[in-house]
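Understanding the architecture of this molecule
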Amino acid sequence: MAELGFYRLTETPLERALPVMLAKSLERGWRVEVRGRNAAALEALDQALWSHDQESFLPHGLAGGSHDARQPVLLTTTPAAAGGKREALFLIDRAGFDAGEAAGRTRTALLFDGHDEEALAEARDHWRATVAAGLRAIFWAQAQGGRWEKQAESGG
């Protein structure tokens, strides 16, 4: 069953939290789409992913290249650029989506800045739409030290 996770980032910046989630997705054999709404922010994330850990390699690429369909993790601003079926979708930078998109995925995660009131309001709207669509939704918040704690669960 499809699941949409809401991740309120309050202790760890996206550039540190996302690589951990991406690595876990790749360990599960999932192909991943990371969707943002700003190409410059995705380019900065691309650079952060290349240098996030000197001991490991996180294979990824920016959409628009000749090998998009082969990228294990594709950073994009549009769903159409995802290059084939992707089991996991990570939404960042307040990227828009339709709750129905989560139905066709194994995992969808919405990561947002927990200190940004507009991002929090948008996440609440997405939560309501997800629950109304009959999908399972789990809300995670960071405790001190960056550990994730489940705050709410609905649907499914």
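Residues numbered from 1 in each chain as written. Predicted model: local features only at pLDDT ≥ 70, side-chain atom pairs only at ≥ 80, totals over all residues. Heavy atoms only, no water.

Assigned secondary structure in the protein chain consists of 4 helices and 8 strands. Each helix and strand of the protein chain, ordered N terminal to C terminal, gives the series β-α-β-α-β-β-β-α-β-α-β-β. Here the C-alpha atoms of the protein chain give a radius of gyration of 15 Å, agreeing with the 15 Å that 2.2 N^0.38 yields for 156 residues. Based on the C-alpha atoms only, the size of the protein chain along its principal axes is roughly 40 × 35 × 30 Å. Across the protein chain, the fraction of contacts at a sequence separation of at least 24, relative to all contacts at a separation of at least 6, is 62%. By element, 49% of the accessible surface of the protein chain is carried by carbon and sulfur atoms, the whole surface being about 7,900 Å². Both charge centroids of the protein chain, one from 18 positive and one from 22 negative side chains, sit 5 Å from each other. (Helix = DSSP H or I, 4+ residues; strand = E, 2+ residues; numbered from the N terminus. Rg over C-alpha atoms; globule rule 2.2 N^0.38 Å. Contact = heavy atoms within 4.5 Å. Areas by Shrake-Rupley, 256 points an atom, 1.4 Å probe, with all protein chains shown as cover. Lys, Arg positive; Asp, Glu negative; His and termini not counted. Charge placed at Lys NZ, Arg CZ, Asp CG, Glu CD.)

What follows concerns the environment of L18. Here L18 is to be found in helix α1 (residues 14-27). The spatial distance from the C-alpha of L18 to the C-alpha of V34 is 9.5 Å, given a sequence separation of 16 residues. Filtering out sequence-adjacent residues up to four positions away, L18 remains in contact with V34, L45, F90, I92 and L111.

Now for the sheet that holds strand β7 (residues 136-142). Read across the sheet, 8 strands follow the order β3-β4-β2-β5-β6-β1-β7-β8 without closing on themselves; strand pairing throughout is mixed. The sheet is open, and its two edges are formed by β3 (61-62) and β8 (148-154), each paired on a single side. In this structure, strand β5 (residues 88-91) lies alongside strand β6 (residues 107-113), joined through 4 bridges in parallel fashion. Its bridge partner lying in β6, L91 is registered against L110. Lying over the sheet, helix α2 (residues 39-51) contacts β2 (32-35), β3 and β4 (73-76), oriented at roughly 150 degrees with respect to β4. (Pairing = 2+ DSSP bridges. Axes fitted to C-alpha atoms, helices over the stretch in contact; angles between N-to-C directions.)

Membership of the largest hydrophobic core comes to 21 residues, with the highest contact counts inside it found for L18, L22, V34, L45, F90, I92 and L111. Elements supplying a minimum of two residues to this core: β1 (3-9), α1, β2, α2, β4, β5 and β6. Excluding residues that lie within four positions of it along the chain, F90 makes contacts with L18, M21, L22, S25, V32, E33, V34, R35, A109 and L111. L4, F97, A137 and A141 belong to the second-largest nonpolar core, a separate cluster that totals 15 residues. (Core = buried A, V, L, I, M, F, W, Y, C linked by side-chain atoms within 4.5 Å. Buried < 20%, exposed > 50% of the residue type's maximum accessible area, 1.4 Å probe, protein only.)

The next thing to look at is the pattern of salt bridges. By the definition in use, this model includes 13 salt bridges. Across the pair R105 and E101 runs a salt bridge, and its minimum N-O distance is 4.0 Å. The class for R105 is buried, based on a relative accessible area of 13%. Taking the relative accessible area as the measure of exposure, E101 reaches 22% and is therefore partly exposed. A network of salt bridges, in which partner residues are shared, links E3, R107, R136, K150 and E153. (Salt bridge = Lys/Arg side-chain N within 4 Å of Asp/Glu carboxyl O.)

With that out of the way, let us pick up empty space enclosed by the protein. The method is simple in principle: a probe with the dimensions of a water molecule rolls over the atoms, and the space it marks as empty is what remains. Per the counting criterion, the structure on display carries 1 cavity of 30 Å³ or more. Counted as a void, the largest cavity has a volume near 60 Å³. Taken together, R94, A95, L110, L111, F112, A119, E122, A123 and H126 form the lining of the largest cavity. Sorting elements by how many residues they give to the lining of the largest cavity places helix α4 (residues 117-132) first, with 4 residues. A class-by-class count of the residues in the lining of the largest cavity yields 6 nonpolar, 1 polar and 2 charged. (1 Å grid on protein atoms, 1.4 Å probe; cavity = no way out; pocket = protein on both sides within 12 Å on 5 of 7 lines; lining within 4 Å. Points joined across faces, edges and corners; volume = space filled by probe spheres on them. Nonpolar A, V, L, I, M, F, W, Y, C, P; charged D, E, K, R; others polar.)

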